[in-house]
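Breakdown of the fold
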Amino acid sequence: MTTVIKNGTIVTADLTYKADVLVEGGRIAKIGQGLSGDKVLDATGCYVMPGGIDPHTHLEMPFMGTYSADDFDSGTRAALAGGTTMVIDFALPSPGQGLLDALAMWHNKSTRAHCDYSYHMAITWWGEQVFDEMAEVVDRGITSFKHFMAYKGALMVNDDELFASFRRCAELGALPMVHAENGDVVAELSARLLAEGNRGPEAHAYSRPPQVEGEATNRAIMIADMAGVPLYVVHTSCEESHEAIRRARMQGKRVYGEPLIQHLTLDETAYFNADWDHAARRVMSPPFRNRQHQDSLWAGLSAGSLQVVATDHCAFTTDQKRFGKGDFTKIPNGTGGLEDRLPMLWTHGVNTGRITMNEFVAVTSTNVAKIMGMYPRKGAVLEGADADLVVWDPQAEKTISASRQQSAIDYNVFEGQKVKGLPRFTLTRGHVAVTEGAMSSKEGHGEFIARAPNGPVNRALSQWKELTAPRPVERSGIPASGV
Ligand code: DUC
Ligand code: ZN
Ligand code: ZN
Ligand code: ZN
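Residues numbered from 1 in each chain as written. Chains lettered and ligands numbered in written order. Predicted model: local features only at pLDDT ≥ 70, side-chain atom pairs only at ≥ 80, totals over all residues. Heavy atoms only, no water.

**Remarks on the overall build of the chain**
Within the chain one finds 15 helices and 20 strands. For the chain, whose C-alpha radius of gyration is 23 Å, the value lies close to the compact-globule estimate of 23 Å for 483 residues. Projected onto its principal axes, the C-alpha coordinates of the chain cover approximately 75 × 75 × 45 Å. Taking all contacts inside the chain whose residues are at least 6 apart in sequence as the whole, residues at least 24 apart take part in 76%. Put simply, the chain shows about 18100 Å² of open surface, and 50% of that area lies on carbon and sulfur atoms. One way to put it: in the chain the 47 positive side-chain charges average out to a point 3 Å from where the 57 negative ones average out. (Helix = DSSP H or I, 4+ residues; strand = E, 2+ residues; numbered from the N terminus. Rg over C-alpha atoms; globule rule 2.2 N^0.38 Å. Contact = heavy atoms within 4.5 Å. Areas by Shrake-Rupley, 256 points an atom, 1.4 Å probe, with all protein chains shown as cover. Lys, Arg positive; Asp, Glu negative; His and termini not counted. Charge placed at Lys NZ, Arg CZ, Asp CG, Glu CD.)

See below:
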């Protein structure tokens, strides 16, 4: 059985051109003119792009006394409905639990996935077992390790643990990632706010100002530089963090920044809404920021100082959010976005001229595949690549509503937003999973994707100078003095 996508315009991170795409056996078999196949998908007026890859989701994750409400079933359905064909979730060992043990748990949950998936492994504690098992985790194709610099007393790791783990990542060719917020300062500010009687969702934002993120981002960058390893900073939400990433890159350090679609399009006024539920549903870490921070993130996407747009999809129902009534520190942190990332970014980025279509593909798919070691199997429209594709109709419109979403929660943080630009078809390894909003995805269709170790070394320019400086002249095999 072959499928041909006809009359569309292919849009990749580099190129825009008219061609048909022939799909066979889950892969792209041919790209060319006038192709035919058993089944025809009409892409007239549409763009044919690599399906989105969301490198940051938390599906069915035990967190803050509960579990995130979307699992690999509803979560990956939401992904496909919005044109995303792969997710990278976080396997999260509880403190003391082995990495391989946690990995087995995540493999169990993900058997329900409708699209392909991978994991990052979280380092939530440090010890010999963790050090040893990191090598096996990399061998199994999980080549990125996440570190929480916040959530003190739960997931947070200290600087000595961070440095040890980063050095281990350097040895293994793995990519360390950080949730960059100063957890000690957050804990201190939270306790003070509560003591002063500030118990509502708005206090969540006060407890995590941009400085706690900027400080931790700078610290992680310096520690990564000392460990000689690249660094990926998740959910970059503010200018302070973006500035640190920008500066590091200018200094020749391989540092990546990942804004979320929520931080790009929603702002802190959500927390000052008189309706407690409205505000609490938007509690996540880092919190939403003001317009100046948003402008910084958009500028970073167009200038290339920020490389990826993700969701940190970690959805909780209103009932779960209400665990935090009377104490904002108990509101489960997290928002959804898997189904809305592409339409929202297209609407607010491409339709406004802030980013080009090719940049859209880069930040939603191709850059992720490259940074995370799975390009060009994923993130590419190339012969031989997986047929993870979205046929994008730039004229299709809808109003986002929880009443029509795949996610299992009872609201949507983008409720009422009008978007223009939606999938006409979403294909996961050749299988047509979505046709104009109608789902035909299959539970269990998704497969685990093993990723390659990264390889690139991280050297500040200052360190390169040492290697390229002229060497003292050697005479008759005797090294010159003063070396
Ligand atoms: N932030 C959230 O809001 N939820 C999940 C974890 C995180 O870092
Ligand atoms: Zn985080
Ligand atoms: Zn997260
Ligand atoms: Zn199939």
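Still more to cover.
**Looking at the environment of Glu443**
Relative to the assigned elements, Glu443 resides in the loop between strand 20 (438-439) and helix 15 (461-468). For Glu443, a relative accessible area of 47% translates into the label partly exposed. Note: C-alpha distance between Glu443 and Val229 (214 residues apart in sequence) is 38 Å. Excluding anything up to four places from it in sequence, Glu443 contacts Asp73, Arg112, Ala113 and His114. At a separation of 3.0 Å, a polar atom in the side chain of Glu443 contacts the side chain of Arg112. (Buried < 20%, exposed > 50% of the residue type's maximum accessible area, 1.4 Å probe, protein only. Polar contact = N/O pair within 3.5 Å; in protein donor to acceptor, adjacent residues only side chain to side chain.)

**Notes on the coordination of the zinc ion (ligand 3)**
The protein atoms that coordinate the zinc ion (ligand 3) are His56 (NE2), His58 (NE2) and Asp312 (OD), at distances spanning 2.0 to 2.2 Å. Expressed as a motif, the donor residue spacing for the zinc ion (ligand 3) is H-x1-H-x253-D. The distance between the zinc ion (ligand 3) and the zinc ion (ligand 2) comes to 3.5 Å. Highlighted residues: His56 in strand 8 (residues 52-57) and Asp312 in the loop between helix 11 (291-303) and helix 12 (318-321), separated in sequence by 256 residues. Assigned by exposure class, His56 and Asp312 land together as buried. (Donors = N, O, S within 2.8 Å, 3.2 Å for Na, K, Ca; no water.)

**Here we look at the packing of aromatic side chains**
Under the definition given, this model contains 14 aromatic pairs. Aromatic side chains Phe72 and Tyr117 sit 5.9 Å apart centroid to centroid with 70° between the ring planes, which places their arrangement in the edge-to-face category. Here the residue Phe72 occupies a position in helix 1 (residues 72-81), and Tyr117 occupies one in strand 12 (residues 116-122), the gap between them amounting to 45 residues. Like Phe72, the residue Tyr117 is buried in the burial classification. (Phe/Tyr/Trp six-rings, centres within 6.5 Å; stacked < 30°, edge-to-face > 60°.)

**Points about the site of ligand 1**
Near ligand 1 the following residues occur: His58, Phe63, Tyr151, His179, His235, Met284, Ser285, Asp312, Cys314, Asn333 and Gly334. At 2.8 Å, a side-chain N or O of His179 approaches an oxygen atom of ligand 1. Ser285 places a polar main-chain atom, nitrogen or oxygen, 2.9 Å from an oxygen atom of ligand 1. In isolation ligand 1 has 240 Å² of accessible area, and contact with the protein removes 99% of it. Residue composition of the shell around ligand 1, grouped by class: 4 nonpolar, 6 polar and 1 charged. (Near = heavy atom within 4 Å. Nonpolar A, V, L, I, M, F, W, Y, C, P; charged D, E, K, R; others polar.)

**Side note on the UniProt feature "domain: Amidohydrolase-related" (unreviewed entry) in the chain**
Following the UniProt record, the feature "domain: Amidohydrolase-related" (unreviewed entry) maps to residues 47-416 here. Counted over residues 47-416, helix gives 40% and strand 15%. Its end C-alpha atoms are 26 Å apart. (UniProt positions renumbered as here; feature names shortened; annotations may be inferred.)

**What about the sheet that holds strand 8?**
Spatially, the 7 strands line up as an open sheet ordered 8-11-12-13-14-15-16, and their pairing is parallel. Two strands lie at the open edges of the sheet, namely strand 8 and strand 16 (255-257), each paired on one side alone. Adjacent strand axes in the sheet meet at a mean angle of 25°, parallel and antiparallel pairs treated alike. Where strand 11 (residues 84-91) meets strand 12, 6 bridges bridge the pair, whose relative direction is parallel. In the sheet register, Asp89 faces strand 12, and the bridge partner there is Tyr119. Contacting strand 11 and strand 12, helix 1 runs over the sheet at an angle of about 140° to strand 11. (Pairing = 2+ DSSP bridges. Axes fitted to C-alpha atoms, helices over the stretch in contact; angles between N-to-C directions.)

**Comments concerning the nonpolar core**
The biggest cluster of nonpolar side chains holds 98 residues, and the ones touching the most others in it are Phe145, Phe166, Val178, Leu231, Leu345 and Phe360. Ranked by the residues each element gives to this core, the list is headed by helix 7 (residues 210-227), at 6 residues. If sequence neighbours within four positions are ignored, Leu231 has contacts with Phe166, Leu175, Pro176, Val178, Ala220, Ile221, Ala224, Arg254, Val255 and Tyr256. Ile28, Val381, Leu389 and Leu427 belong to the second largest nonpolar core, which has 20 residues in total. (Core = buried A, V, L, I, M, F, W, Y, C linked by side-chain atoms within 4.5 Å.)

**Structural notes on the sheet that holds strand 5 (residues 27-32)**
With mixed pairing, the 4 strands of this open sheet are ordered in space as 5-4-1-6. Of all the strands in the sheet, the pair left with one neighbour each is strand 5 and strand 6 (39-42). Averaged over neighbouring strand pairs, the angle between their axes works out to 20° when direction is ignored.

**Side note on the pattern of salt bridges**
In this structure the tally under the stated criterion is 28 salt bridges. The closest approach of N and O atoms between Asp20 and Lys6, which form a salt bridge, is 2.9 Å. Placement of the pair is Asp20 in strand 4 (residues 20-24) and Lys6 in strand 1 (residues 2-6), with a sequence separation of 14 residues. Close ionic contact of Arg246 with Glu239 constitutes a salt bridge, the shortest N to O distance being 2.9 Å. Classification of Arg246 by relative accessible area gives partly exposed; the value is 29%. (Salt bridge = Lys/Arg side-chain N within 4 Å of Asp/Glu carboxyl O.)

**What about the coordination of the zinc ion (ligand 2)?**
In the first shell of the zinc ion (ligand 2), the protein supplies His179 (ND1) and His235 (NE2), at 2.1 Å from the metal. Overall, His179 belongs to the buried group, its relative accessible area being 2%. Relative accessible area serves as the criterion here: at 2%, His235 is assigned to the buried category.

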